[in-house]
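Commentary on secondary and tertiary structure
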Amino acid sequence: MQRHTSPLFIVAGGIWLLGAIGAFLPIPLAWGVHSLAFLPLVVRMFLLASGAAMILALRSESISARVERTLGSLADRPIPTLAVAVAAFAALAVALRVAVPLLGDSFIAIKLYENRSSGAPFLPNSHYPSAFFYFFTLMRAMGSFTYPRIMDAFLAGELVLGAGYVVAAWYLTGALFEDRVVKAVSFLLLLVLPTTQLFLGYVEIYAVSAVFLVVYLLCAVLFLRRTAPFYVVPAAFLLLVLAHYLNLLLVPSLVYLAAIAYRRDGPAALGIGVAAMTAAGALLFSISGVELASLLPAPRHSPFLSVGAAQDLYQAYGLLSWLHGVDLLNLAALLAPGAWALVALGFRKGSFTAQPAAIFLATAALPVVAFFLVAKFDLPMAQDWDIPAPYAVILTLLGLALFVARAGARAGRALLPLVAATAFASLSFFTLNASTLPSLERAETLVDPRISSQDGTYQSTLHLVEYYLAQDDTARVNASFERFLELYPNDPRGYENYTLHLSQFGSGEDARIRELFRRWMSLDPSGEPRARYADFCLDVGHREYKEGDVAGAQARFEEALRYVPTMPEALNGLGVIARRAGDLERAIGFYERA
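Our subject in this report is the structure included herewith. None of the values given here were measured: they were computed from a predicted structure.

**Topic: the packing of helix 7 (residues 150–176) against helix 8 (residues 180–191)**
Viewed as axis vectors pointing N to C, helix 7 and helix 8 meet at an angle of 145 degrees, and their least axial separation amounts to 9 Å. The way helix 7 lies across helix 8 gives a crossing that is right-handed. Between helix 7, through Tyr165, Val166, Ala169, Trp170, Thr173 and Gly174, and helix 8, the contact on the second element is made entirely by Lys183, Ser186, Phe187, Leu190 and Leu191. Considering only residue class, the contact of helix 7 with helix 8 consists of 7 nonpolar, 3 polar and 1 charged.

**As for helix 17 (residues 392–407)**
The end-to-end C-alpha distance of helix 17, which contains 16 residues, comes to 22 Å, matching closely the 22 Å that a straight helix rising 1.5 Å per residue would cover. Buried residues dominate helix 17, accounting for 13 of its 16 residues. Phi turns positive, to about 75 degrees, at Gly408, one or two residues after helix 17.

**Topic: unusual backbone geometry**
With a phi angle near 65 degrees, Arg226 is a residue other than glycine that sits in the positive phi range. Residue position: Arg226 is located in the loop between helix 9 (206–224) and helix 10 (232–243). Of note, Asp472 is a non-glycine position whose phi angle comes to about 55 degrees, a positive value. By the element assignment, Asp472 lies in the loop between helix 20 (454–470) and helix 21 (474–487). Among the residues examined, Asp472 registers a relative accessible area of 63% and is labelled exposed.

**A word on the packing of aromatic side chains**
If you walk through the whole model with that rule in mind, you get 25 aromatic pairs. For the pair Phe132 and Phe136, a centre-to-centre distance of 6.4 Å together with 15 degrees between the ring planes defines the contact as stacked. Of this pair, Phe132 and Phe136 both sit in helix 6 (residues 129–142), 4 residues apart, which is roughly one turn of that helix. Look at Tyr533 and Tyr563: their rings are 5.0 Å apart centre to centre, the planes differ by 85 degrees, and that puts the pair in the edge-to-face class. Of this pair, Tyr533 sits in helix 24 (residues 527–546) while Tyr563 is found in helix 25 (residues 550–563), placing the two residues 30 residues apart along the sequence. Since its relative accessible area comes to 3%, Tyr533 is described here as buried. Residue class for Tyr563 comes out partly exposed when judged on its relative accessible area of 24%. Among the aromatic residues, ring-to-ring pairing joins Tyr495, Phe517, Trp520, Tyr533, Phe536 and Tyr563 into one connected group. The ring of Phe223 is capped by Arg264, whose NZ or CZ atom sits 4.6 Å from the centre of that ring. Geometry around Tyr458 places Arg493 over its ring, the cationic atom sitting 4.1 Å from the centre.

**Observations concerning the side chain of Ser428**
Examined against the element boundaries, Ser428 turns out to sit in helix 18 (residues 411–433). Not counting chain neighbours up to four residues away, the residues in contact with Ser428 comprise Ser35, Leu36, Leu39 and Leu47.

About the thresholds
Residues numbered from 1 in each chain as written. Predicted model: local features only at pLDDT ≥ 70, side-chain atom pairs only at ≥ 80, totals over all residues. Heavy atoms only, no water. Axes fitted to C-alpha atoms, helices over the stretch in contact; angles between N-to-C directions. Helix = DSSP H or I, 4+ residues; strand = E, 2+ residues; numbered from the N terminus. Left-handed = near helix turned anticlockwise from the far one by under 90°. Contact = heavy atoms within 4.5 Å. Nonpolar A, V, L, I, M, F, W, Y, C, P; charged D, E, K, R; others polar. Expected span 1.5 Å × (residues − 1). Buried < 20%, exposed > 50% of the residue type's maximum accessible area, 1.4 Å probe, protein only. Phe/Tyr/Trp six-rings, centres within 6.5 Å; stacked < 30°, edge-to-face > 60°. Lys NZ or Arg CZ within 6 Å of the ring centre and 35° of its normal.

The following block contains the structure:
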């Protein structure tokens, strides 16, 4: 059996090897490659063996040729192929749907939607208005606004979005490449990217951005191929930006296309493009009923890392820290394990400048890469992976365009091992996120001050707590908050939320809550913890009074007044107790003070 080796076989073997090493490194500093480490050993070994078998099988010339012929025939039958691809995607989404909403800001998203359902303003001031509107409309139709039912609404919405992503990716690769095998292989590579995780019941809004990104890229390539007018490009770009304002990073790519339109058709083409974008925006606003004021996000901290280590709640490390470098390597390994190799293997200056599509993709990719090199993430980068996830498509397409131009007729076959290796890495990630206990274990390891800022640790802790509360797991709620307070004993948010959550478990936690308030007040003698403790005493007093413990209720009301002497609710409570005891004069005194 004749075998062959190409540079991409070495790259594919490297991707597999990283996964194999990471399979035995369940540590936070290997988060981009350690998906298998949390899975049961049998599953781990099965995925490793399957990945190796796929890559090694493609070293055979006969097997590669057979796969190449099959893909070529699929490219000749687009409708049946698309039908099978969409059905396969839907089956994957259902089989490997996210089990625990601890990726990204999932519980923050859940709270936002819960607030909208209970009368909060319809559209929050956010960076992703159309994406929020899409899922809100779907949830309202399904009546699913609370966890865990809200996860079904996300899955339903992402099944629709995923089908759109599959179709758009098919036509995008078809427009970008002429060779039918290259079209099919490139299409497969886009589908097996980790970006697909966004469509597998993922509780976040980035699936909308991923779909509109592919649609924008498709419109741009069709324009470059002279098969679509320029005005569809700015209209698609507007939809992309409304899905998430971070997509404004792609403005240089739009400017490049506008310059080409100007050279081809003069200023009239730009005027029609602006008119099309304006009309698309007006139509969206008229349909949604959204006010312009709601499109302005609330002010936030700086999105950029400082050069050195800073005393910053929102920054785990400085720009030049080795930990920042480790995080970036993990991000690259997770989202685009083969794209960097394709760019490196395919780049030739003369070939690059002769490809308008490659130049366009570069003008889209470079600002994105530059931003994420210096960006400050709210959560650990390992959990905020979803923000850059859609852009892996751009980098992958850029690498494909460069590599195919250089590899020529054998490009399709040469890409096959990279598709297999990427599928192995992505399937490991998908399987992890479709498993409950492994997902929880991984989420726990990522609460690490080396890669998470103080605020990121706080948010990660709250996400874990929300999940444990839904499972009535008091022990893990306590452990999560205790860990946060051990790391950041001077952060009042830890005490505030810990006491608030413990109060939901009844009188059994009263002693622990009192101890927490004592610790909080010893660190912060200001009015805030004293007022919170007075509220706690008041709540306990009301509960004890209802339970018939009048003496206990009186003690709690009196304790509340020691911290907030003018608290009217505590004074009223003491008045009620005094009147019940027949001491009307004392009761009137309490009522008058209240």
